[in-house]
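This is what each chain is made of:
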Number of protein chains: 4
Amino acid sequence: MSSDFGKKVRIQIFGQSHSEAIGIVIDGLPVGEAVDLEEVQKFMERRAPGRNAYSTSRKEGDVPRVVSGLFEGKTCGAPLCAVIENTNTRSQDYDKLKDMPRPGHADYTAWVKYDGCNDHRGGGHFSGRLTAPLCFAGAVCKQILERKGIHVGAHILSIKGIKDAPFDAVSVSAEELQAVAEKAFPVQTDVAGEAMQAAIAAAKAQGDSVGGIVECAVTGLPVGAGEPMFDGLESVLAQAIFAIPAVKGVEFGAGFAVAELFGSENNDDFIYEDGRVKTKTNHHGGALGGISSGMPLVFRAAFKPTPSISIEQDTISLSKGENDRLAVTGRHDPGIVPRAVPVVEAAAAVAILDLLCRM
Amino acid sequence: MSSDFGKKVRIQIFGQSHSEAIGIVIDGLPVGEAVDLEEVQKFMERRAPGRNAYSTSRKEGDVPRVVSGLFEGKTCGAPLCAVIENTNTRSQDYDKLKDMPRPGHADYTAWVKYDGCNDHRGGGHFSGRLTAPLCFAGAVCKQILERKGIHVGAHILSIKGIKDAPFDAVSVSAEELQAVAEKAFPVQTDVAGEAMQAAIAAAKAQGDSVGGIVECAVTGLPVGAGEPMFDGLESVLAQAIFAIPAVKGVEFGAGFAVAELFGSENNDDFIYEDGRVKTKTNHHGGALGGISSGMPLVFRAAFKPTPSISIEQDTISLSKGENDRLAVTGRHDPGIVPRAVPVVEAAAAVAILDLLCRM
Amino acid sequence: MSSDFGKKVRIQIFGQSHSEAIGIVIDGLPVGEAVDLEEVQKFMERRAPGRNAYSTSRKEGDVPRVVSGLFEGKTCGAPLCAVIENTNTRSQDYDKLKDMPRPGHADYTAWVKYDGCNDHRGGGHFSGRLTAPLCFAGAVCKQILERKGIHVGAHILSIKGIKDAPFDAVSVSAEELQAVAEKAFPVQTDVAGEAMQAAIAAAKAQGDSVGGIVECAVTGLPVGAGEPMFDGLESVLAQAIFAIPAVKGVEFGAGFAVAELFGSENNDDFIYEDGRVKTKTNHHGGALGGISSGMPLVFRAAFKPTPSISIEQDTISLSKGENDRLAVTGRHDPGIVPRAVPVVEAAAAVAILDLLCRM
Amino acid sequence: MSSDFGKKVRIQIFGQSHSEAIGIVIDGLPVGEAVDLEEVQKFMERRAPGRNAYSTSRKEGDVPRVVSGLFEGKTCGAPLCAVIENTNTRSQDYDKLKDMPRPGHADYTAWVKYDGCNDHRGGGHFSGRLTAPLCFAGAVCKQILERKGIHVGAHILSIKGIKDAPFDAVSVSAEELQAVAEKAFPVQTDVAGEAMQAAIAAAKAQGDSVGGIVECAVTGLPVGAGEPMFDGLESVLAQAIFAIPAVKGVEFGAGFAVAELFGSENNDDFIYEDGRVKTKTNHHGGALGGISSGMPLVFRAAFKPTPSISIEQDTISLSKGENDRLAVTGRHDPGIVPRAVPVVEAAAAVAILDLLCRM
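Visitor: I'm lost on the overall build of chain A in this one. Help?
Guide: Scanning chain A for helices and strands turns up eight helices and 18 strands. Taken over the C-alpha trace, chain A has a radius of gyration of 21 Å; the compact-globule value for 359 residues is 21 Å, and the two agree within 12%. Over its C-alpha atoms, taken along the principal directions, chain A stretches across nearly 70 × 50 × 35 Å. With 359 residues in all, chain A has 68% of them scored as buried. Sequence separation of 24 or more characterises 72% of the internal contacts of chain A that already satisfy a separation of 6 or more. Looking at chain A as shown, the accessible area adds up to about 10,700 Å², and 51% of this sits on carbon and sulfur atoms.

Now the structure itself:
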């Protein structure tokens, strides 16, 4: 009763950080859709670690093997399963952590929940590594969405207070989304990106880590995606996005800033423009009553700093039942946000395709 | 495929703003639990309009009639259904709105989604009125949770920039939650509350409206509630909270502020205190890896200003296919946030009980 | 986690035999579909007791009140809720049964499952009375199906060994289904029907009861309804049909008789006829691989004799923990099968519409 | 929206007959349960083809590789995934069948449903081969059930009119279930088994095939498993059993025979025996009101003869749009029933564990 998502297009993720393999089953995909596995691979490499000086030095091959669901290169109605082998695992790095839960991680809560039977190695099923199969699903869904003229793109909006230019919620285009996605460091303003990278490097030098905010936009959505109440666009997207480890906040359109606006400021007036209904502004972020309005869908997700830091912290020894001290060793990202960008896109793409297919 | 929520404790909401009745079915409740309907009624009155000078003057009787699911005052294993009659509806107020969608409302998106067949009167199924049955369910779930020592409480954290004192995420107690809930205007610092009420009154005088932020806490949660990934505490709660009309952002613990912290600042160290595992701080907001940590669960929801304002706005005429102007008449809240407080509690209570019953 | 059914068109039944009301919520119906409530009422009267000399003398008004989901007579996208008041309940008839479970009923199993908290009056949530809201849903779904050229009809195939003529699985028509449905005693061969009625009367005279078999056919189904494996036509229909109290067997097409056939006898050869693909015979009963073949869907359900009989039987006293004797008094059907015919149609109609809407 | 089953213990099957691999993900298993993979393998071999002279000569290695979900040999809370490679596929056997659907198979219905994009090779996702991963899941669930004292066993009740001795529905024991399961040809009366094998051999000699009936029993079930209505024991089991290819009928307890009994004959009187509540007879088959009664659960499933026969049959050419003739070549079972026995056990074990874990 977990690790699955969706009602019409439905995914089921499996695996632990150090199990033999991880992977995903995607059921309910539209039929007859070509899947370009090279494109999938390229998308997954945007998430892969080891792309730059700052990310974890664990190299993940991460070549998904599609074992079912495609026939002659197209979806065939059968569930699509992709398996990614776990190689380059160094389980011994985690021996000490079985007893000493890392602050900020699921080590302690999983240990209690599963009566000590959880696979603690590398965070087990709670590892950020499990976002790799999610990216696989997102890449497949993005290809299908793009054929319908729907584009999903994201960028780093801020890291440690350094801000990138936000998307223009009214006019952001598929081309802009594409352009930022192709960058090694996905920001719109490169000078901000350089400052962010310097901030990550500085944190790394101190054995510390930083968080940030990812902004995501979806263009080309028709009016009418999303169901009332608990299956509204925001509800379904938030459920997907909060499933990404380290996300602590999600907001749509003007988001938390709405709390300071008058209704007359926040309301987005309707107009006919070139025979189509639009809104002049887009504080609503593309969803009204949980249903897509035809305007770009825009949302932001806040990521906490990677909890694994080499600075020594207070924690406990579960076996001794007493307080203790821990410095996390092993390979960890001082700044997970750049790698989180495609993960946010992937979660959004899966949720959007599911809602579209329910229409 | 909508308007239902939960996997073990499952709710199904029905009704439109101006249909004969609205209501809810709750299935999967623990059996043998007494339901005090007077307490339910008191809780629902916290949401009811017409309690003060600022809220809509529509009087809703809102006495839920329980037609099934209880036997000798206790849950009996059969689905519990409560029906609330819709009285005091003035459908003629909405005749013009069938053609002219209100900015900020679901009028336009519902009209497209349902090919013009939607019940537009009062917003139909998308009306804030549908939070009444949600409050019924929340009141029932709260009674069951409280018998397990779990308390859910919320207050207004801010309206139009005026801030109440936040809950102390480490030490907030059931008593504090209870105390703020019993106030006619649910804030911890009454002077802030008075300023908020003045801000609402000022907006009303201008025919305008304001939004705000509600903060909610849950105390007494055991460690282990929440499932991995898409059924994590944050995912499930966010799905429930975003189903409340007007919510545009949800954040847990330190929330969006995590984006500016170092890992060494944000991590919450574990300690043994009186033989129990706690964290010294609570930036994580009570959930690690989507699983409750035993610390208070703390989250915030941002509400946009009520979109119904009497100031004239630009909108369109769907029948004429041209731009037009609209001033919304009828009875509307200039500040929905005070009434939203119990709704947030209710959505949280339903989600929490569902997750607990899955353990 | 019960009393609900369907994935796209989804029903949730509520109520107990002697609660204030029973009813149903139907979510996910196609939008813009007119619902003729007089037709619904006529359909429900086919199930109603008291139509003839043999059935229970409890008169159920059974006029469903639609409180939501319709707007100007059509489905509007919001969940449709119908409430049926429980009147004419005589709860005192059931006082003794709280302690002495009736053989063949759910009294004992529900008592154990719900720790004695179940509503035992009239069988509570397990009463055949709960098929009334199912019939409401079936009547609504049948109207929608009929607009698509799909007809669902059933008849009594046998009672106590007396057999009616079966439907011709290859050629059964909508007209034939309609004709048998309109009869007071739904059989194709009236002389068989008279013998069946005599058998029921004879059982009644002895304080005993009889069971029988209902055969159901669906014509006009397009090719392609049904999903692989657990959501195949047979799986989904069987789940729905076994939810009707007293059903002990379900079979499709040739059913249990396939066990005695050679493959060369049982296989249904494909042919083109008037440019359409058909099968020459229809042992498969309209579903191949769980997917509709375009041939009539034909299945049968076996109903056990009503367990409530006035002949004295052995049972136990739960309070005394010892063996005892019971003669069931109160109002009961000696032959439930005639009233079960529309219930089978209703369950089938709901399941079929759900599968069609998933295509 | 298919190929998955269960609400608490949930399985998702993937693969096609000739895709790279097939497999299953099982989520929601109880945690800390040892899984003996040798025992799993032994169970799966009961289903494997090529065990005797009569079954298909396709040799399936069928060694499932568990890639996740176990840690130190025990379930760890993460979804358990097993992958079975597809080897020894001879896709060219199926080239002709892409155009000419085999009577009795899903070839035609899948082709229409998926617009010709389905993987036709070997029946694709509709192949009996997909029961191998179901058997994997069943073997895992059986181990967990057996630790709770619950045993699931099945035997061939009849083939082509030749009958084995049925289980005694009142007294069948775990030992009897075990004994029949260990036989190469799972019948209670070996002389009947020999006659059945002769009947299969005779059909094979003619290029024909036979069907039969499998009877299954579950002992040791506590009272209270099963939910009301659509999640009753019979509904859930029937959904699972009808998902097995070739099943055309399912009946519980006295099954279709109830249609000829009086209530006074069919009712099972309650008695106290050794301080426990039992029924004297077991026509109800272990479920009353959809809830387990504590008596053995007994049901039967009818399997149609394997549709793949080498006798020439009428069919159509989809490309030419005209009638044609087909003799199915390739490797096929003339009598699938012996191999279906463990599949029925597996489906039942999965369904039962799911319902138990929901209690």
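Visitor: What is the right way to look at the side chain of S209 of chain A in this model?
Guide: Counting through the fold element by element, S209 of chain A comes out in the loop between α5 (190-205) and β10 (212-219). A distance of 2.6 Å separates a polar atom in the side chain of S209 of chain A from the backbone oxygen of T306 of chain A. Sequence-distant contacts of S209 of chain A, that is, excluding residues within four places in its chain, are made with A203, P305, T306, I309, D333 and P334 of chain A together with L261, F262 and G263 of chain B.

Visitor: Got a minute to help me understand the interface of chain A and chain B in this structure?
Guide: Accessible area lost on assembly of the parts is the figure often given for the size of an interface. Every contact between the two is made by 104 residues of chain A and, on the other side, 105 residues of chain B. Between chain A and chain B, roughly 8,400 Å² of surface is buried when both sides are summed, and carbon and sulfur atoms account for 64% of that area. Counting across the interface, chain A meets chain B through seven salt bridges. E234 of chain A is paired through a salt bridge with K248 of chain B; the nearest N and O atoms lie 3.0 Å apart. Put simply, chain A and chain B have 41 residue pairs in polar contact (both at pLDDT 80 or more) between them.

Visitor: Honestly, the environment of G161 of chain C in this entry has me stumped. Any pointers?
Guide: Topologically, G161 of chain C is positioned in the loop between β8 (151-159) and β9 (162-163). Linking G161 of chain C and G212 of chain C, residues 51 residues apart in sequence, is a C-alpha distance of 7.9 Å. Residue contacts for G161 of chain C: discarding those within four places in its chain leaves A259 and E260 of chain D.

Visitor: Help me out: how do you make sense of helix α3 (residues 131-147) of chain A in this one?
Guide: Each α-helix winds once per 3.6 residues, and so residues spaced three or four apart point in a common direction. Residues and elements named next belong to chain A. In this model α3 runs 24 Å from its N-terminal to its C-terminal C-alpha over 17 residues, within 8% of the 24 Å that 1.5 Å per residue would give. Counting buried residues along α3, 15 of its 17 residues qualify, which places the element largely inside the surrounding structure. Two residues or fewer past α3, G149 is found with a positive phi of approximately 80 degrees.

Visitor: Where do I start with the sheet that holds strand β2 (residues 10-14) of chain A in this structure?
Guide: Remark on secondary structure: sheet strands pair via backbone hydrogen bonds, oriented parallel or antiparallel. All names here are of chain A. Ordered by their spatial adjacency, five strands build an open sheet running β1-β2-β3-β7-β4, and the pairing between neighbours is antiparallel. Strands at the two margins of the open sheet, each flanked by one partner only, are β1 (4-5) and β4 (65-68). Summarising the sheet, strand β3 (residues 21-27) and strand β7 (residues 80-85) pair through six bridges and their orientation is antiparallel. What sits directly across from I22, in β7, is I84.

Visitor: Is there a simple way to explain the nonpolar core in this structure?
Guide: Side chains that are nonpolar tend, in soluble globular proteins, to be buried together. One finds I11, F136 and F303 of chain A together with I11 and F136 of chain B to be the most contacted residues of the largest nonpolar core, which totals 159 residues. If near-sequence neighbours (up to four positions away) are discounted, F136 of chain A is found in contact with I24, I26, L37, V40, M44, P64, V66, L80 and A82 of chain A. In this structure, A351 of chain C together with L29, A238 and V337 of chain D belong to the second largest nonpolar core, which totals 158 residues.

Visitor: Mind showing me how you'd approach the pattern of salt bridges here?
Guide: Two side chains bearing opposite charge may form a pair once their charged atoms approach each other closely. In total, this model carries 106 salt bridges over all chains according to the counting rule given. One connected set of salt bridges, linked through shared partners, spans K7, D231, D354 and R358 of chain A.

Visitor: Any chance you could explain helix α8 (residues 337-358) of chain A here in plain terms?
Guide: In a regular helix each residue adds 1.5 Å, so 22 residues correspond to 32 Å; α8 of chain A covers 32 Å between its end C-alpha atoms and thus fits that length. Along α8 of chain A, 21 of the 22 residues are buried, which leaves the element largely enclosed by surrounding structure.

Visitor: What exactly am I supposed to notice about the packing of aromatic side chains here?
Guide: Aromatic ring pairs are defined here through the distance separating the ring centres and the angle between the ring planes. Here the structure, examined in full by the defined rule, presents 18 aromatic pairs over all chains. Here the aromatic residues F242 of chain A together with F252 and F299 of chain B are joined through ring pairs into a cluster of three or more. Here the basic side chain of K160 of chain A rests over the ring of F262 of chain B, its NZ or CZ set 4.0 Å away from the ring centre.

Visitor: Where do I start with the relation of the copies chain A and chain B in this structure?
Guide: Relating the two copies of this chain is a rotation about some axis coupled with a shift parallel to it. After a rotation of 180 degrees and a shift along the axis of 0.0 Å, chain A superposes on chain B with an RMSD of 0.0 Å. The relationship between the two copies is best expressed as a two-fold rotation axis.

Visitor: Help me out: how do you make sense of the environment of S293 of chain A in this one?
Guide: Looking at the element boundaries, S293 of chain A is found in the loop between β15 (291-292) and β16 (297-303). Along the primary structure S293 of chain A and N282 of chain A are separated by 11 residues, whereas in three dimensions their C-alpha atoms are 9.9 Å apart. Once you skip the residues sitting within four places of it in the chain, S293 of chain A turns out to touch V223, H284, G286, A287 and L288 of chain A together with Y108 and T109 of chain B.

Visitor: Whenever I open this one, the side chain of E33 of chain D confuses me. Can you help?
Guide: All names here are of chain D. Structurally, E33 can be placed in the loop between β3 (21-27) and α1 (37-47). A polar side-chain atom of E33 sits 2.4 Å from a polar atom in the side chain of R147. Ignoring any residue separated from it by four or fewer positions in sequence, one finds E33 in contact with G73, K74, T75, I144 and R147.

Visitor: When you look at the packing of helix α6 (residues 233-241) of chain B against helix α8 (residues 337-358) of chain B in this model, what are you seeing that I'm missing?
Guide: Any two packed helices are characterised by how steeply their axes cross, that is the angle between the axes, and by the distance between the axes. All names here are of chain B. It is the contact of α6 with α8, at a shortest axis distance of 9 Å, that shows an interaxial angle of 140 degrees. Relative to α8, α6 is oriented so that their crossing is right-handed. Between α6, through L233, V236, L237, A240 and I241, and α8, the contact on the second element is made entirely by V344, A347, A348, A351, I352, L355 and R358. The residue inventory of the contact of α6 with α8, partitioned by class, reads 11 nonpolar, no polar and one charged.

Visitor: Help me understand the sheet that holds strand β11 (residues 247-252) of chain A in this model?
Guide: Strand order in the open sheet made by the 10 strands is β9(A)-β8(A)-β10(A)-β16(A)-β11(A)-β11(B)-β16(B)-β10(B)-β8(B)-β9(B), with antiparallel pairing throughout. The open sheet is flanked by β9 (162-163) of chain A together with β9 (162-163) of chain B, the only strands paired with a single partner. Sheet topology places strand β11 (residues 247-252) of chain B next to strand β16 (residues 297-303) of chain B; five bridges connect them, and they run antiparallel. Counted as the bridge partner of G249 of chain B is A302 of chain B from β16 of chain B. Strand contacts of α8 of chain B: β8 (151-159), β10 (212-219) and β16 of chain B, with the helix running at about 145 degrees to β8 of chain B, the strand carrying the most contacts.

The rules behind the values
- Residues numbered from 1 in each chain as written.
- Chains lettered and ligands numbered in written order.
- Predicted model: local features only at pLDDT ≥ 70, side-chain atom pairs only at ≥ 80, totals over all residues.
- Heavy atoms only, no water.
- Helix = DSSP H or I, 4+ residues; strand = E, 2+ residues; numbered from the N terminus.
- Rg over C-alpha atoms; globule rule 2.2 N^0.38 Å.
- Buried < 20%, exposed > 50% of the residue type's maximum accessible area, 1.4 Å probe, protein only.
- Contact = heavy atoms within 4.5 Å.
- Areas by Shrake-Rupley, 256 points an atom, 1.4 Å probe, with all protein chains shown as cover.
- Polar contact = N/O pair within 3.5 Å; in protein donor to acceptor, adjacent residues only side chain to side chain.
- Buried area = accessible area lost by both parts, 1.4 Å probe.
- Salt bridge = Lys/Arg side-chain N within 4 Å of Asp/Glu carboxyl O.
- Expected span 1.5 Å × (residues − 1).
- Pairing = 2+ DSSP bridges.
- Core = buried A, V, L, I, M, F, W, Y, C linked by side-chain atoms within 4.5 Å.
- Phe/Tyr/Trp six-rings, centres within 6.5 Å; stacked < 30°, edge-to-face > 60°.
- Lys NZ or Arg CZ within 6 Å of the ring centre and 35° of its normal.
- Least-squares fit on C-alpha atoms with pLDDT ≥ 70 in both.
- Axes fitted to C-alpha atoms, helices over the stretch in contact; angles between N-to-C directions.
- Left-handed = near helix turned anticlockwise from the far one by under 90°.
- Nonpolar A, V, L, I, M, F, W, Y, C, P; charged D, E, K, R; others polar.

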